[in-house]
Structures are given as structure tokens and as C-alpha cells.
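Next come the chains, spelled out residue by residue.
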Amino acid sequence: MNNEKKCIGECLSEAAKGAQALIAGMVHIFKHLFIKMDTIQYPEERREMPPSTRGRHYLRRYDDGLERCVGCSLCAANCPVSCIHVEAGENNPESPVSRGERHAKEYRINILRCIYCGYCEEACPTGAIVLRDHTELASYKRDDYLYNKEMLLKYPKYQPERKNFWKRWLSV
Ligand code: SF4
Ligand code: SF4
């Protein structure tokens, strides 16, 4: 008889614990019904990336269309994984490509080797090479990751502006 009572007591205690856990779970779920979800419907919706995001590389131009890159190779010299290749060419004064004496005749980045450290951007004296907040770089084709100068000068369709970023270069 005593054993039976003990067994019933243990069963009731376990049932009470189960009910307690169930109620706690329901309360937790109920609370989340009224909390704003962090999930977004990507790719229809996109988050604004932080200003410090280091994504895809671009070569910038001045407002008059001239290229900022003067082919000095400082970016390549500072790249820790040697994934930048620059070949400089002399500017024709009749139809200059850049504002300097020289311009980048060839500019290539093997983006598969890049570690997105931003050293190239830091080293560039004219603000030509920049890492922007475009991070959708996936592709099945290896060639898509070998950026040449034409690809670097072209912005993709989706290119949100990086707020506060240009302030750094306004005086350049
Ligand atoms: S971000 Fe770093 S690794 Fe990538 S190209 Fe620039 S310097 Fe090289
Ligand atoms: S991107 Fe800048 S650092 Fe690199 S070669 Fe051009 S001017 Fe020089």
C-alpha cells in the first residue's frame, strides 16, 4: 500500500513537472508572437550593410569620367596574398585616361585569393580601389572571380550606397 502511494506521488510529481515545462514553453512562444522578427524575405528584401562592410572591389572615376587609378601599384604591393596585378601605361596628354602621368593599362584581381582585408583600399593614394557593400559574389564559373579592369569599373545592378563612406574621399 505504501509503495503504491509512493508510486502515485512520483507520477503526479513528474506530471506536474511536465505541465510546468509545457506552460513555460507556451508562454515563451506566445511572447514571441509579439516580438518583431529578425528574419527578412531575402532576396526580395535586403538589409542595409554596415558602412564598414568590405565586399566587392571597384575602381572609381572622377566626376569628369577620368579614372582615379594612376597605375602606381601600391595596392598590389600591400596585398598580403598577391592577388592584384597592375600594369601601368603612359597617359597620352591629348586623351588622358587618368589625371596622373600614368594610368592602369591592366588591372586584375583574383578575387578567389582575396581575404577582404582592405589593405589595397587603405594604400591607394587616389581613392581609386574601394571595397563596397556588394557581397553577392557567388558563381559556378571560375572566370567570374577573375576581375579585369572593365569589370572593376562597372557597378552591378544592385549597388546600395555606403553611407558616410564618401566623406572620407571628398577631399581626394
Ligand atoms: S582586400 Fe586585401 S587581399 Fe583583397 S585584394 Fe585588397 S589587399 Fe588583397
Ligand atoms: S588602385 Fe590606387 S594604389 Fe592601385 S595602382 Fe591604382 S592608384 Fe595605385
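Preceding block: the structure.
These notes cover the structure that comes with them. (Residues numbered from 1 in each chain as written. Chains lettered and ligands numbered in written order. Predicted model: local features only at pLDDT ≥ 70, side-chain atom pairs only at ≥ 80, totals over all residues.)

## Topic: the overall build of the chain
Definition in use: Secondary structure elements are taken from DSSP: a helix is a run of H or I of four residues or more, a strand is a run of E of two residues or more, and numbering for both begins at the N terminus. Any residue whose C-beta has 12 or fewer other C-beta atoms within 10 Å is treated as exposed, any with 20 or more as buried, and any in between as partly exposed, C-beta atoms being built from the backbone. Whether two residues are in contact is decided by their C-beta atoms, placed from the backbone, lying within 7 Å.
For the chain, the helix and strand inventory stands at four helices and five strands. Along its sequence from the N terminus, the chain presents helices and strands in the succession α-β-α-β-β-α-β-β-α. The 172 residues of the chain split such that 17% are buried. For the chain, the share of sequence-separated contacts (at least 6 apart) that also reach a separation of at least 24 residues comes to 71%.

## Digging into the sheet that holds strand β5 (residues 146-147)
Going by this rule: Should DSSP find at least two bridges between two strands, the strands are regarded as paired.
Taken together, three strands build an open sheet; the order of strands is β2-β3-β5 and the sheet is antiparallel. Edge positions in the open sheet fall to β2 (84-90) and β5, since each of these has one partner strand only. Bridge count between β2 and strand β3 (residues 102-110): seven bridges; the pairing is antiparallel. Residue I84 lies in a different strand from β3, and its bridge partner there is I109.

## Focus: the nonpolar core
The criterion, for reference: Structurally, a nonpolar core is described as a collection of buried Ala, Val, Leu, Ile, Met, Phe, Trp, Tyr and Cys residues joined by way of C-beta atoms within 7 Å.
Among the nonpolar cores identified, the biggest contains 21 residues, and L59, C75 and I129 are the most heavily contacted of them. Only β1 (57-59), α2 (74-78), β2, β3 and β4 (129-131) provide two or more residues apiece to this core. Apart from residues no more than four positions distant in its own chain, C75 is found in contact with I84, C120, A123, C124 and I129.

## Some remarks on the pairing of β3
In this structure, β3 lies alongside β5, joined through two bridges in antiparallel fashion. Directly across from I109, in β5, lies its bridge partner Y147.

## Quick notes on unusual backbone geometry
Cis geometry is found at the peptide bond from Y42 to P43, where omega equals 5°. Inspection of the secondary structure puts P43 in the loop between α1 (2-32) and β1. Its identity is not glycine, yet S82 carries a phi of approximately 50°, on the positive side. Topologically, S82 is positioned in the loop between α2 and β2. Even without being a glycine, Y116 presents a positive backbone phi close to 55°. You can call Y116 partly exposed: it has 13 C-beta atoms within 10 Å.

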